[in-house]
Amino acid sequence: MRNTDPIQFEASNDGAIALGVAQARHVPMMSAVNLCGRAAGPIQLDTVFGVANENAPTAEGLLFNQLPKAIRGAIDEWALHLSARPWRFRREAMTHFARVFADQFRQHMDEMTDEEFESLKEVGFTCLLERMDDGKRIVDLHQARIYLDSVHDHHREAARRFLNSQAPRALHHA
């Protein structure tokens, strides 16, 4: 069961935000960053109250459009299949796809460093996310976690905005 503690935001003249949280005994607190599993960045006034995921990348900015037609077809098939699933189930499948994506490139390249392989996995993951991104607001923590793993700044910024708009949650063990 999750309980939300009341939060008071106090902004100083230099733009820093102080959070005042009511203390409760035996209720461990976890921030959105801790729940997410990856650093979501500092809280900034302009993003705390901003609208999440107001991105509208141009067609030229999409990695998907730079890929060969055969690969784009495979990505579209995966995206179509995954779009019918809730965000909480998509991450594992997207990570698997990204590994397969990078493996395909590795087979056709004589030498590939581990760093290049990891980079290709990130590109594959992002290409798949591009096809599933409908430009709507991020609606849950699972979707935000996926968006944080994108190579696109607009995806990561949308995730940060969502995470910053969420009040810290307390985990209560019954």
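In this numbering scheme, every chain counts its residues from 1 along its sequence in written order. Local features in a predicted model are, by the rule used here, given only for residues with pLDDT of at least 70; side-chain atom pairs are given and counted only at 80 or more, and totals for whole chains, interfaces and linings are based on all residues. To obtain the side-chain values, all non-hydrogen atoms of the structure were used and water was disregarded.

Caption draft 1: Structural view of helix α3 (residues 69–83). Helix length check: α3, at 15 residues, gives a terminal C-alpha distance of 21 Å against a target of 21 Å (1.5 Å per residue), a fit within 8%. Of all the residues in α3, the buried ones are I75, A79 and L82. All buried residues of α3 project into a common sector of 70° when viewed along the axis, lining one side. Seen from the open side of α3, the exposed residues pointing more than 90 degrees away from its buried face are K69, A70, E77, L80 and H81. Secondary structure elements follow DSSP: runs of H or I no shorter than four residues count as helices, runs of E no shorter than two count as strands, and numbering proceeds from the N terminus. For a helix, the expected span equals 1.5 Å multiplied by the number of residues minus one. Think of it in three bands: with a 1.4 Å probe and only protein chains considered, a residue is buried below 20% of the maximum accessible area for its type, exposed above 50%, and partly exposed in between. The directions considered for the arc are those from the helix axis to the C-beta atoms.

Caption draft 2: Spatial organisation of the packing of helix α4 (residues 87–107) against helix α5 (residues 114–132). Lines fitted to the C-alpha atoms define the axes, with helices restricted to the stretch that makes contact. Angles between their N-to-C directions range from 0 to 180 degrees. In the contact formed by α4 and α5, the axes pass within 8 Å of each other and the chain directions differ by 130°. In terms of orientation, α4 and α5 fall into the oblique class. When you trace α4 past α5, the crossing you get is right-handed. Residues are grouped as follows: Ala, Val, Leu, Ile, Met, Phe, Trp, Tyr, Cys and Pro are nonpolar; Asp, Glu, Lys and Arg are charged; all remaining types, including Gly, are polar. Class assignment of the residues belonging to the contact of α4 with α5 gives a composition of 14 nonpolar, 2 polar and 7 charged. In what follows, roughly perpendicular refers to angles from 65 to 115 degrees, roughly parallel to angles under 35, roughly antiparallel to angles over 145, and oblique to any angle outside these ranges. In this scheme the crossing of two helices becomes right-handed for a clockwise turn of the near helix relative to the far one and left-handed for an anticlockwise turn of less than a right angle.

Caption draft 3: Inspection of α4 at higher detail. In a regular helix each residue adds 1.5 Å, so 21 residues correspond to 30 Å; α4 covers 31 Å between its end C-alpha atoms and thus fits that length. Considered for burial, the residues of α4 that qualify are W87, R90, A93, M94, F97, A98, F101 and A102. Should any heavy atoms of two residues lie within 4.5 Å, those residues are counted as being in contact. Where α4 is buried, its residues contact α3, α5 and α6 (141–148).

Caption draft 4: A look at the nonpolar core. The definition of a nonpolar core used throughout is a set of buried Ala, Val, Leu, Ile, Met, Phe, Trp, Tyr and Cys residues joined through side-chain atoms within 4.5 Å. Ranked by internal contacts, the top residues of the largest apolar core, which has 31 residues, are I75, M94, L128 and I138. Of all the secondary structure elements, the ones that give two or more residues to this core are α3, α4, α5, α6 and α7 (153–165). In this structure, L128 is in contact with I75, W78, A79, L82, M94 and F97, ignoring residues within four places of it in sequence.

Caption draft 5: Just the packing of α6 against α7, in detail. In the contact formed by α6 and α7, the axes pass within 8 Å of each other and the chain directions differ by 145°. Helix-helix and strand crossings are classified by hand; for α6 and α7 the assignment is left-handed. Taking contact as the criterion, the partners of L141, A144, Y147 and L148 in α6 are, on α7, H155, R156, A159, R160, F162 and L163. Considering only residue class, the contact of α6 with α7 consists of 7 nonpolar, 1 polar and 2 charged.

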